[in-house]
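One-letter residues, chain by chain:
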Amino acid sequence: MRHKTFKSSSQQISLVLLTFLSALLYFPRLLSAEKWCLSISVHCLSIYRFILSCICLYICLLLTSAIVSRRCSDLEVSSFGVMDGDQWDTTAEEVDNHLPSSSSSQGAYELNDVGEDEWQMVARKGNQFVINDQPFYVNGFNTYWLMVFAADQSTRGKVTEVFQQASSVGLTVCRTWAFNDGQWRALQKSPGVYDEDVFKLALDFVVSEAKKYKIRLILSLTNNWDAYGGKAQYVKWGKATGLNLTSDDDFFSHPTLRSYYKAHVKAVLNRVNTLTNITYKDDPTIFAWELMNEPRCTSDPSGDKLQSWITDMAVYVKSMDAKHLVEIGLEGFYGPSAPDRAQFNPNSYATQVGTDFIRNHQVLGVDFASVHIYADSWISLTISDSHIQFIKSWMEAHIEDAERYLGMPVVFAEFGVSSKDPGYNTSFRDTMINTVYKTLLNSTKRGGSGAGSLLWQIFPDGTDYMDDGYAIVLSKSPSTSNIISLHSTRVAIFNSMCSWKCKWGCKKKNPLEALFYHDDL
């Protein structure tokens, strides 16, 4: 069933038209009278009947508007469980009954068709994301290898497949790599030297294909790890020129290596997409730039070296592109600046890796916080209930800190569980995903900083050989797909409805609008 808002202008037009029709019914009796000397009582009776008819029609319109408003209010409560925590267990079928039909090729849960003119940049407003001043909550996934697959004609179709399948369950944001340094099918063959074919066939294609399916991209600009080059490759390039480098962490401090990284940033941000003719830094398809995937600087537990690098690079990216959002790519570990929060770290080692969640995110130019969730890697490989307890407390701590200290949104940019873990089963995976989603929705319904999450990771059919244990193939995971679809529905309804204007120009806010902005709570 479709729910439409009565805009004040359309209401007024409808009222005028109905009034005009009523006039046509009654005025002919006046105009066709054979004698102008009919008694005044006859005229008064006709006028009285005409006025009475108009009043009745106006009351009908008011009742119709009230019914629609009440129906939408009921939809809010049933979809988001505002009044009762048990309402969160609404089935996907019940919620789907409220949605318009949709095409997977345009995003299954895109309630309002997005035209070219409305495909606008995601921005930040306080501790929430907005598009055209309307709140936007992230519901997405990771597929890091898109560019490498796109570079090869034989695997290129898998890029389209993963976007199509993700869109079919309502996922709207994808995080992927915008780097491949000195490796197989490298984008950057050496510092500042790029393979044009890889740029054109791979990254340009990924960005243009994402736009077709209304999926926005978080593009990571390099890696802390060796895969696809990363900081280790930059150090190798530096050593090849004779630089005296002793550690991969010199990537963060050596001025030459910093200049290599900045050159890469410049090349990507200023790239004109050969398929869309849009410069990357002007393309709304790109949700945000990520400075680095999971930066760590273990050689400096104080965190000063990494803090200096983040400070330099965040401002540099913003100086090149003030339109897009910027995030660091951190895992979320607490450091020396917040010793009282270290209790939430998964282990003592996490405090020594050179990152500092609160301090790092207070840097000028950083727009939102990122956190990763891997209880099976950080606590114990063996699946247990303690994993779920950790996930919940880990998320709540970071949402609280994003509100109290940072005043910005926080995205849980990677979360998952490996099928290779002892004791793993799909039921546990579904419980884990549900825990993440429900914790976020508890923040969403009060207008908190919990701004979204990104599954690690979605794979299309036929790519099992790439599976690191965390892959979710939607066609083979019906229960997981249903959970994702339900969450997508809830987020899409919230994103769509919370900016509705009140009917008939009244002063009171729409209930969901009041809930979102929570200024009346």
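Heads up: the structure comes first, above all this text.
The following refers to the structure shown. Here the structure is a predicted model, which means the values were calculated and not measured.

Looking now at the environment of proline 336. Here proline 336 is to be found in the loop between strand E10 (325-327) and helix H11 (357-361). Using a relative accessible area of 45% as the deciding quantity, one classes proline 336 as partly exposed. Separated by 34 residues in sequence, proline 336 and serine 302 place their C-alpha atoms 6.7 Å apart. In this structure, proline 336 is in contact with Pro301, Ser302 and Asp356, ignoring residues within four places of it in sequence.

At their nearest, the axes of helix H7 (residues 230-240) and helix H9 (residues 255-269) sit 10 Å apart, and the two run at 120° to each other. When the axes of H7 and H9 are compared, the pair comes out oblique. At the point where H7 passes H9, the crossing takes the right-handed sense. Two secondary-structure elements touch here, H7 through Tyr234, Val235, Trp237 and Gly238 and H9 through Leu257, Tyr260, Tyr261 and His264. Split into classes, the residues belonging to the contact of H7 with H9 amount to 6 nonpolar, 2 polar and no charged.

One can find aspartate 376 in helix H12 (residues 375-378). This buried residue, aspartate 376, is left without a salt bridge; lysine 420 holds the nearest opposite charge, at 11 Å. At 3.1 Å, the side chain of aspartate 376 and the backbone nitrogen of serine 418 are in polar contact. Non-local contacts of aspartate 376, meaning those with residues more than four positions away in its chain, are made with Leu381, His387, Gly416, Val417, Ser418, Asp421 and Tyr470.

Across the sheet, which stays open at both edges, the 8 strands sit in the order E10-E9-E8-E5-E4-E13-E12-E11 with parallel pairing between neighbours. Looking at strand neighbours, the two that pair on one side only are E10 and strand E11 (369-373), the edges of this open sheet. Strand-to-strand twist of the sheet, defined as the mean angle between neighbouring strand axes without regard to direction, takes the value 25°. Direction of pairing for strand E9 (residues 286-290) relative to E10: parallel, over a ladder of 3 bridges. Looking at the pairing, tryptophan 289 lines up with valine 326 of E10.

Attention now moves to the environment of serine 337. Tracing the sequence through the fold places serine 337 in the loop between E10 and H11. Within the local environment of serine 337, its side chain forms a polar contact with the side chain of aspartate 356, the two groups lying 2.7 Å apart.

For strand E13 (residues 450-456), the tally of buried residues reaches 7 of 7 residues, placing the bulk of the element in the interior. Note: strand E4 (residues 138-142) against E13, 5 bridges, orientation parallel. Paired with glycine 140 across the strands is leucine 454, a residue of E13. In this structure, strand E12 (residues 410-415) lies alongside E13, joined through 4 bridges in parallel fashion. Residue pairing for E13: valine 411 is matched across the bridge by glycine 452. The parallel pair E12 and E13 is bridged by helix H14 (residues 426-444), and the resulting crossover is right-handed.

Conventions used here
- Residues numbered from 1 in each chain as written.
- Predicted model: local features only at pLDDT ≥ 70, side-chain atom pairs only at ≥ 80, totals over all residues.
- Heavy atoms only, no water.
- Helix = DSSP H or I, 4+ residues; strand = E, 2+ residues; numbered from the N terminus.
- Buried < 20%, exposed > 50% of the residue type's maximum accessible area, 1.4 Å probe, protein only.
- Contact = heavy atoms within 4.5 Å.
- Axes fitted to C-alpha atoms, helices over the stretch in contact; angles between N-to-C directions.
- Parallel < 35°, antiparallel > 145°, perpendicular 65-115°, else oblique.
- Left-handed = near helix turned anticlockwise from the far one by under 90°.
- Nonpolar A, V, L, I, M, F, W, Y, C, P; charged D, E, K, R; others polar.
- Lys, Arg positive; Asp, Glu negative; His and termini not counted.
- Salt bridge = Lys/Arg side-chain N within 4 Å of Asp/Glu carboxyl O.
- Polar contact = N/O pair within 3.5 Å; in protein donor to acceptor, adjacent residues only side chain to side chain.
- Pairing = 2+ DSSP bridges.
- Right-handed = clockwise from strand over helix to strand, strands pointing away.

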